[in-house]
Amino acid sequence: TTISTQATVTVTQAPATMTLTPTTATVVRGATQALTVAVADARGAAIPSPTIAWTTSAASIATVSTAGVVTGVAVGSATVTATLGTLVRTAAITV
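Colleague: Looking at this structure, I do not really get the sheet that holds strand β3 (residues 32–34). What am I missing?
Modeller: Backbone-to-backbone hydrogen bonds join strands into a sheet, with any given pair of strands oriented parallel or antiparallel. Spatially, the 3 strands line up as an open sheet ordered β3-β7-β6, and their pairing is antiparallel. Looking at which strands have only one partner, the edges of the open sheet turn out to be β3 and β6 (62–64). Looking at each pair of strands side by side, their axes are set apart by 20° on average, direction ignored. The pairing of β3 with strand β7 (residues 69–72) spans 3 bridges and is classified as antiparallel. Looking across to β7, one finds that T32 is bridged to T71.

Colleague: Help me understand the sheet that holds strand β2 (residues 24–26) in this model?
Modeller: The 4 strands are arranged β2-β9-β8-β5 in an open sheet whose pairing can be described as mixed. The strands lining the two open edges of the sheet, one partner per strand, are β2 and β5 (53–56). Ignoring which end each strand starts from, the neighbouring axes of this sheet average 20° apart.

Calculation notes
- Residues numbered from 1 in each chain as written.
- Predicted model: local features only at pLDDT ≥ 70, side-chain atom pairs only at ≥ 80, totals over all residues.
- Heavy atoms only, no water.
- Pairing = 2+ DSSP bridges.
- Helix = DSSP H or I, 4+ residues; strand = E, 2+ residues; numbered from the N terminus.
- Axes fitted to C-alpha atoms, helices over the stretch in contact; angles between N-to-C directions.

Don't take any of this as a statement about function, it's just geometry.
The structure is reproduced here in structure tokens:
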């Protein structure tokens, strides 16, 4: 009797480090500033196209898109946060 089995294995890179650039920015009302992240695994290999969750501490001052583009809304300060799993980085935004 011959028994044959088959299994599918999916290997994904686990993010270990994340760098946010820039970490401070001044944006004029109505203008935009793109924030970028670089994510790497434990071996330092880049992880392409990571899914980052973007949030702002004060949407009345500065908004942030799902692509990390900050728009100045009103004069003041806000913190934009980029999150990927347990990795969290922030940028101080002044409008």
